[in-house]
Amino acid sequence: MPRLAALFILCLAGNVSAQRGIEALTLEESVTLAVKNSPAALAAEQDIIIARQRMSEARFTYLPQFTLSGTASRVNLAYPSVLGPELGERYLDPLISRNFYTLRANALQPVYTGGKNANTLKLARTSHNQARVNYETVKADVMLEAKRAFYTMLYRRRLAEAAGEWLARAEAAVALFKTQDPAESLENRVLLAGLESRARQAASGLETATTGLLKALNREPGYQVAADGVLEPLPVKDEVTRCLVTAMESRSDLKSELYRAQMDEIAVNMAMIRRSPTVYMGASYDISAYRFSELNESSVRSNNWLASLAIHFPLSYDIWTQVRQRKAQQRQGELKRVELQDKIRFEILVAHKEALFWQREAEQRKAELERIKAGYKAAAGAVGRSAAGLRAIGAIAEFESGWLEAVYNQLMSRIRLEWAQGRDLPK
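What counts, and where the lines are drawn
Chains are numbered independently. Their residues run from 1 in the order of the written sequence. Under the rules for a predicted model, residues below a pLDDT of 70 receive no local features and side-chain atom pairs below 80 are neither given nor counted, while totals for whole chains, interfaces and linings still include all residues. Note that the side-chain values use all heavy atoms of the structure and ignore hydrogens as well as water. Secondary structure is summarised from DSSP: a helix means a run of H or I of at least four residues, a strand means a run of E of at least two, and numbering begins at the N terminus for each. Using a 1.4 Å probe on the protein chains alone, a residue whose accessible area is under 20% of its type maximum counts as buried, one over 50% counts as exposed, and one in between counts as partly exposed. Residue contacts follow a heavy-atom distance rule, with two residues in contact if any of their heavy atoms lie within 4.5 Å. Shrake-Rupley sampling with a 1.4 Å probe provides the accessible areas, and residues are treated as covered by the protein chains on show and by no other component. Working convention for charge: Lys and Arg count positive, Asp and Glu count negative, and His plus the chain ends are omitted. Think of each charge as sitting on NZ of Lys, CZ of Arg, CG of Asp or CD of Glu. The rule is short: rings of Phe, Tyr and Trp, with Trp giving its six-membered ring, pair when the centres are within 6.5 Å, and they are stacked under 30 degrees, edge-to-face over 60, tilted in between. Look at NZ for Lys and CZ for Arg. If either is within 6 Å of the ring centre and within 35 degrees of the ring normal, a charge sits over the ring. To qualify as a nonpolar core, a set must consist of buried Ala, Val, Leu, Ile, Met, Phe, Trp, Tyr and Cys residues joined through side-chain atoms within 4.5 Å. What pLDDT conveys is the predictor's confidence in a given residue, as a value from 0 to 100. Take a side-chain nitrogen of Lys or Arg and a carboxyl oxygen of Asp or Glu: if they are within 4 Å of each other, that pair is a salt bridge. Expected helix span is computed as 1.5 Å times (number of residues minus one). Strands pair, by our definition, only if DSSP identifies at least two bridges between them. Each patch groups residues whose relative accessible area exceeds 30% and which form no salt bridge, using 9 Å between like charges and 5 Å between nonpolar side chains of Val, Leu, Ile, Met, Phe, Trp and Tyr. Here an axis means a line fitted to C-alpha atoms, over the contact stretch when the element is a helix, while the angle between two N-to-C directions is reported on a 0 to 180 degree scale.

All right, on to the overall build of the chain then. A tally of helices and strands in the chain yields 10 helices and 8 strands. Within the chain, buried positions represent 37% of all 427 residues. Restricting to contacts in the chain with at least 6 residues of sequence separation, those with at least 24 account for 84%. Accessible surface for the chain amounts to roughly 25600 Å². Of this, 57% is attributable to carbon and sulfur atoms. Across the chain, 57 positive and 48 negative side-chain charges occur, with their mean positions spaced 3 Å apart.

Looking now at the packing of aromatic side chains. Under the counting rule described, the total for this entry stands at 4 aromatic pairs. Measuring from ring centre to ring centre gives 5.5 Å for W166 and Y376, while their planes differ by 70 degrees; the resulting arrangement is edge-to-face. With a gap of 210 residues between them, W166 in helix α4 (residues 116-176) and Y376 in helix α8 (residues 319-378) connect regions that are remote in the sequence. Here F357 and W358 contribute two aromatic rings whose centre-to-centre distance is 5.0 Å and whose plane-to-plane angle is 70 degrees, an arrangement assigned as edge-to-face. A relative accessible area of 38% places F357 in the partly exposed class. Its guanidinium or amino end placed over the ring of Y223, R219 lies 4.5 Å from that ring's centre, counting from NZ or CZ. Taking NZ or CZ as reference, R251 lies 4.5 Å from the ring centre of W419, over its face.

Now for the environment of G164. With respect to the element layout, G164 can be found in helix α4. Accessibility expressed as a relative area gives 10% for G164, which makes it buried. Each C-alpha atom of the pair G164 and R275 lies 78 Å from the other, and the pair is 111 residues apart in sequence.

In terms of nonpolar packing, the biggest core is built from 60 residues, with Y151, L217, V225, L231, I393 and L404 touching the most fellow members. Contributions of two or more residues to this core are made by α2 (27-37), α3 (39-60), α4, α5 (182-217), β6 (225-227), α8 and α10 (387-421). If you tally residues by element for this core, the top one is α4, at 19 residues. Y151 has contacts with L27, L231, L234, Y408, L411, M412 and I415, leaving out every residue within four places of it along the chain. C243, L254, L417 and L425 belong to the second largest nonpolar core, which has 12 residues in total.

A few words now on the confidence of the model for the chain. Taken over all residues, the pLDDT of the chain has a mean of 85, while the share at 70 or more is 92%. Highest mean pLDDT in the chain belongs to α3 (94); lowest belongs to helix α1 (residues 2-20) (43). Low confidence marks residues 4-20, where pLDDT is under 50. Its contacts with residues over four positions away, or in another chain, come to 5 contacts.

So, on to unusual backbone geometry. Unusually for a residue other than glycine, N218 sits at a positive phi of about 60 degrees. Within the secondary structure, N218 is located in the loop between α5 and β6.

Attention now goes to the pattern of salt bridges. Two side chains bearing opposite charge may form a pair once their charged atoms approach each other closely. Tallied over the full model, the rule gives 17 salt bridges. Salt-bridge contacts for K147 lead to E418; the nearest nitrogen and oxygen are separated by 2.9 Å. Pair noted here: K147 is in helix α4 and E418 is in helix α10, with a separation of 271 residues, a long-range link. The same class applies to K147 as to E418, namely buried. Residue E400 is joined to R158 by a salt bridge in which the shortest nitrogen-to-oxygen separation is 3.2 Å. Here R158 lies in helix α4 and E400 lies in helix α10, a separation of 242 residues in the sequence. A single network of salt bridges, built from pairs that share partners, joins K147, R414, E418 and D424.

Let us look at α10. Over its 35 residues, α10 extends 52 Å from the first C-alpha to the last, a length consistent with the 51 Å expected when each residue adds 1.5 Å. Of all 35 residues making up α10, 26 are buried, and the element is well covered by its neighbours. Backbone geometry just downstream of α10 places G422 in the positive-phi region, at approximately 75 degrees.

A word on the pairing of strand β5 (residues 99-112). Here strand β2 (residues 65-74) runs beside β5; their pairing, made up of 10 bridges, is antiparallel. Paired with T67 across the strands is N106, a residue of β5. Bridge count for β5 against strand β7 (residues 278-289) is 11 bridges, and the pairing is antiparallel. Looking at the pairing, P110 lines up with Y280 of β7.

Side chains of V111, Y112, M281 and L309 sit close together on the surface and give an oily, nonpolar patch of about 420 Å² of accessible area. Looking at the element boundaries, M281 is found in strand β7.

Judged by pairing direction, the sheet is antiparallel, and its 4 strands sit side by side in the order β2-β5-β7-β8 without closing on themselves. The open sheet has two edge strands with one neighbour each: β2 and β8 (302-312). Mean inter-strand twist for the sheet, computed between neighbouring axes without regard to direction, equals 15 degrees.

Printed below as a string of structure tokens:
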């Protein structure tokens, strides 16, 4: 009985380690932790902050723009000169002495921009809304991966437990079944080797599932974690039509395309605005002196002020080409949105159909498995004394693996359906 003893020791060690250092997480805790630690979700949150600040910047375009500047010039001119825009755009006469000081305050207020500022603000608001739904899209993907990793670990753990249980029963049966027939003895070893191989594969699958859960939670490889739950099917009670309606209302990537359509419409309006004139009203006040100390003496310094109204008429060759490009991009967005709606419908239909199929299949396999186990229990004495009984143990182990696979497939179909409709299903 060395293998059975080793199995008990491993189970005992696993229970002790679970009590000491392994953190058991429920499905809700795993999903919350995955979203909290996801770099993609954190980056999407920063996109929301950026979009919010751009919206504030768009509001600033309605306010007057103020500038305060000062220049100190040392000149020796034989001919008149003009300072550049960075130096104040000032005309300098040759009669000016070597030193020249100026303080200037400017105010510029856009009076009419053809709707450019309003559309800029609309575009910023739409971008902010799109950033929020993009975050929901990333969050939904992270939640899907966390759920998939959680249920995979439950499935692999239950598979390993079942494989260990049937292996122990097979070892006990071989110990009781003494035969002198070499063929029967060889058959027993082959059947037992198959069960041992299945148990090793299940243990390896459990280790891989644990690593997958750590990856979904964005935890370091040495972190000890376990899935706290029971592998059982969760029925899908909603009709497919209800799921389709929910998807059209809740799917975040579809909302993102709707905001994209609004942005395309705004882009067309922005291109049309280029034909409109722009009106600015500005004012300027200058204080000039030949000495720095004279800037405070009103009797010596020079005070200048002006107010201007400017109208700019755009004369560009590419106005209509830009309008046509934006309209073509708007049409592309409409086609992409229709394609996405069709894709969502097929995702809902496929996931819903698979969930119902595996739900019925899991129920039927469970009922059959219970009848088989009841028959095995009733014939336990005979099973332990024949090669046919050992073959029955292998067949029952295979059938139980099939039932667990059906439960796992049903859960995978359910979470895909939840992701496809953009909202969790009621339990």
